[in-house]
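Each chain is listed here by its residues.
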Amino acid sequence: MGISKNSKVKMHYKLSLAGGESVETSEGDDPIEFTFGAGQIIEGLERHLEGLEAGEEKRVEVEAADGYGERDDEAVVKLERGQFPEDDDLEDGMILTLQRQDGMVMRAVVLEANDAEVTLDLNHPLAGKKLVFDIKILEVG
């Protein structure tokens, strides 16, 4: 039975950037499980899975727009240092988990922090990057 809408899928994957840099893998760990068509994985990957069956392997290339989106320069913001707890030791490159007023949780990368302000990049770390997935379908139900 091939993957179709509402199929329960188990698969292993290896995610790399187009230049070959390895990002993450499920190999050696539990496979990911998701419902096909429910928006639980990025659209650009999901589109290439339809019809695949258990045991099949495939390499899928996903353009930035169909992955984590293009980088948005307006998603780089400067906040007053006073908006963060005084005891937070903010360092360049640090990843913060923030909660908006509406309750949505998001990640941000500290680009620069000093006594007056903190510059954050709210883009997903993989925004603007072409992604390469090597996948192996383990189960389709």
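Our subject is the structure that appears above.
Q: When you look at the overall build of the protein chain in this model, what are you seeing that I'm missing?
A: Helix and strand content of the protein chain: 1 helix and 9 strands. Counting helices and strands in the order they occur from the N terminus, the protein chain gives β-β-β-α-β-β-β-β-β-β. Here the protein chain has a C-alpha radius of gyration of 19 Å; the compact-globule value for 141 residues is 14 Å, and the former is much larger. Here the C-alpha coordinates of the protein chain stretch approximately 60 × 35 × 30 Å along the principal axes. Pairs at least 24 residues apart make up 62% of the contacts formed inside the protein chain by residues separated by at least 6 positions. A total accessible area of about 8,900 Å² is found for the protein chain, and carbon and sulfur atoms account for 43% of it.

Q: Before we go on, may I ask you to explain the pattern of salt bridges in this structure?
A: Side chains that differ in sign of charge can pair as their charged atoms come close. What the rule picks out here adds up to 9 salt bridges. For Arg100, the salt bridge is made with Asp102, and the minimal N-O distance between the two is 2.5 Å. Residue classification places Arg100 among the partly exposed residues on the basis of a relative accessible area of 38%. Taking relative accessible area as the criterion, Asp102 reaches 55% and is therefore assigned exposed. Each of Lys10, Glu33 and Glu139 takes part in salt bridges that share partners, so that together they form one network.

Q: Help me understand unusual backbone geometry in this model?
A: Note on backbone geometry: most residues besides glycine have negative phi, and most peptide bonds are trans. Of note, the phi angle at Asn6 is positive, near 70°, even though the residue is not glycine. Position of Asn6 relative to the elements: it lies in the segment before strand 1 (8–17).

Q: How should the side chain of Thr119 be read in this particular structure?
A: Among the structural elements, Thr119 can be located in strand 8 (residues 117–121). The class of Thr119 is buried, set by a relative accessible area of 8%. If we ignore the near neighbours within four places in the chain, the residues touching Thr119 are Val76, Val77, Lys78, Val109, Val110, Leu111 and Glu112.

Q: Help me understand the side chain of Ser26, please; the structure alone is not making it clear to me.
A: Tracing the chain through its elements places Ser26 in the loop between strand 2 (22–25) and strand 3 (32–35). At 2.9 Å, the side chain of Ser26 and the backbone nitrogen of Tyr13 are in polar contact. Apart from residues no more than four positions distant in its own chain, Ser26 is found in contact with Met11, His12, Tyr13 and Pro31.

Q: Is there a simple way to explain the sheet that holds strand 8 in this structure?
A: Hydrogen bonds between backbone atoms are what pair the strands of a sheet, whose relative direction is either parallel or antiparallel. Within the open sheet, the 4 strands sit side by side as 5-8-7-6. Their pairing is antiparallel. Each having just a single partner strand, strand 5 (76–80) and strand 6 (95–99) make up the two edges of the open sheet. Taken pair by pair, the neighbouring strands of this sheet meet at an average axis angle of 40°, ignoring direction. With 4 bridges joining them, strand 7 (residues 105–113) and strand 8 adopt antiparallel strand pairing. Across the sheet, residue Val109 finds its bridge partner in strand 8, namely Asp121.

Q: For this particular structure, what's the right way to read the nonpolar core?
A: Counting 21 residues, the largest nonpolar core has Met11, Leu45, Leu49, Phe133, Ile135 and Ile137 as its most contacted members. When residues of this core are traced back to their parent elements, those giving at least two are strand 1, strand 4 (57–62) and strand 9 (131–140). Filtering out sequence-adjacent residues up to four positions away, Leu49 remains in contact with Ile3, Met11, Phe34, Phe36, Ile41, Ile135 and Ile137. Membership of the second largest hydrophobic core comes to 7 residues, among which are Phe84, Leu96, Ala108 and Val118.

Here is what the cut-offs are and how they apply
Residues numbered from 1 in each chain as written. Predicted model: local features only at pLDDT ≥ 70, side-chain atom pairs only at ≥ 80, totals over all residues. Heavy atoms only, no water. Helix = DSSP H or I, 4+ residues; strand = E, 2+ residues; numbered from the N terminus. Rg over C-alpha atoms; globule rule 2.2 N^0.38 Å. Contact = heavy atoms within 4.5 Å. Areas by Shrake-Rupley, 256 points an atom, 1.4 Å probe, with all protein chains shown as cover. Salt bridge = Lys/Arg side-chain N within 4 Å of Asp/Glu carboxyl O. Buried < 20%, exposed > 50% of the residue type's maximum accessible area, 1.4 Å probe, protein only. Polar contact = N/O pair within 3.5 Å; in protein donor to acceptor, adjacent residues only side chain to side chain. Pairing = 2+ DSSP bridges. Axes fitted to C-alpha atoms, helices over the stretch in contact; angles between N-to-C directions. Core = buried A, V, L, I, M, F, W, Y, C linked by side-chain atoms within 4.5 Å.

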